[in-house]
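One letter stands for each residue in the lines below.
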Amino acid sequence: MSKLRIALTTGDVDGIGFEVTAKALHHLGPQKGVQFLMWRPEGASQKYLNLIDQKFQRITVEDLSQALEIEGPYLIDIASDLAPAEWVEISAKACLKKDLHAMATAPLSKTSIKAAGFKDLGHTDILKRLSRAKHVHMGFVGEKFNVVLATAHLPVKEITKHLSFSVLAEALINANELRKKASGRPG
């Protein structure tokens, strides 16, 4: 398959993630060589589905295995009754197996992650657990600058306890990798 497959998880069912995802997809439109697979709740707003439909041919399925069977210039819409934290875990596992090439996620509350039965505190912890990587950092890519966070989800009063030379060094290494990838420059 020559297409890049990118999973989009729309975050908390009662959050802003689906609206933001729909508006971003509408703004971006179909991309040559890219197939988007969008996780969303079964009862998602028809208003935002209609917005997506203005730019994309959308096929709705129930799970990722069905989505991965579909080839073609479609946005694959996974209408799911699973918890949004499970969408992240399933998509991350598919990325690790190379069934998907990338994922973009919308916000998840710690409450919804806990309600799904996870011990993780956020996306970063889910990805760290699944990848078994020692150093995982949350990064944000923007038009004017990029950011990598040195710590995961911590109360502000605990941040200084978790900062050390090695923690900052690993964050800087990952920030440099993000810079290289965002600029399209090799090594």
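Remember, predicted model here, so these are calculated numbers, not experimental data.

Glancing now at the packing of aromatic side chains. On inspection of all chains with the given rule, the structure shows three aromatic pairs. With a centroid separation of 6.4 Å and an interplanar angle of 85°, the aromatic rings of Phe18 and Tyr48 are classed as edge-to-face. Of this pair, Phe18 sits in helix α1 (residues 17–28) while Tyr48 sits in helix α2 (residues 46–53), placing them 30 residues apart in sequence. When its relative accessible area of 9% is taken as the criterion, Phe18 is described as buried. Both rings, one in Trp39 and one in Trp87, keep their centres 6.1 Å apart while their planes meet at 20°; by these two values the pair is stacked. Within this pair, whereas Trp39 is found in strand β2 (residues 34–41), its partner Trp87 is found in helix α4 (residues 84–96), the two being separated by 48 residues in sequence. An identical accessibility class is assigned to Trp39 and Trp87; each is buried.

Turning to the confidence of the model for the chain, a few remarks are in order. Confidence in the prediction for the chain averages 92 pLDDT; 97% of positions are at 70 or higher. The least confident element of the chain is strand β6 (residues 139–141), whose mean pLDDT is 84; the most confident is α2, at 98.

Attention shifts here to the environment of Ala175. Note that Ala175 resides in helix α8 (residues 165–183). Considered as a pair, Ala175 and Met138 are 37 residues apart in the sequence and their alpha carbons are 9.5 Å apart.

Attention now moves to unusual backbone geometry. One non-glycine residue with positive phi stands out, namely Lys98, at about 70°. Following the sequence through the fold, Lys98 ends up in the loop between α4 and β5 (102–105). Phi at Arg132 is positive, roughly 60°, even though this residue is not glycine.

Here Lys3 lies in the segment before β1 (4–9). Within the buried core, Lys3 has no salt-bridge partner, and the shortest N-O distance to an opposite charge, that of Glu71, equals 7.2 Å. Excluding residues within four positions of it along the chain, Lys3 makes contact with Gly33, Val34, Gln35, Gly72, Pro73 and His101.

For the rest of this paragraph, the subject is the pattern of salt bridges. Applying the stated rule across the entire model yields nine salt bridges. When the shortest N-O distance is used, the salt bridge between Arg5 and Glu71 registers 3.7 Å. Of this pair, Arg5 sits in strand β1 while Glu71 sits in the loop between α3 (64–68) and β4 (74–80), and the two are 66 residues apart along the sequence. Judged by relative accessible area, Glu71 falls into the partly exposed class, the value being 48%. The salt bridge partner of Asp77 is Arg40, with a shortest N-O separation of 2.7 Å. Of this pair, Asp77 sits in strand β4 while Arg40 sits in strand β2; the two residues are 37 residues apart in sequence, bridging distant segments of the chain. Residue Asp77 is classed as buried on the basis of its relative accessible area, which comes to 0%. Exposure remark for Arg40: the relative accessible area of 5% places this residue in the buried category. Through salt bridges that share partners, Arg40, Asp53, Arg58 and Asp77 make up one connected network.

Each value, and the rule that gives it
Residues numbered from 1 in each chain as written. Predicted model: local features only at pLDDT ≥ 70, side-chain atom pairs only at ≥ 80, totals over all residues. Heavy atoms only, no water. Phe/Tyr/Trp six-rings, centres within 6.5 Å; stacked < 30°, edge-to-face > 60°. Helix = DSSP H or I, 4+ residues; strand = E, 2+ residues; numbered from the N terminus. Buried < 20%, exposed > 50% of the residue type's maximum accessible area, 1.4 Å probe, protein only. pLDDT = per-residue confidence, 0-100. Lys, Arg positive; Asp, Glu negative; His and termini not counted. Salt bridge = Lys/Arg side-chain N within 4 Å of Asp/Glu carboxyl O. Contact = heavy atoms within 4.5 Å.

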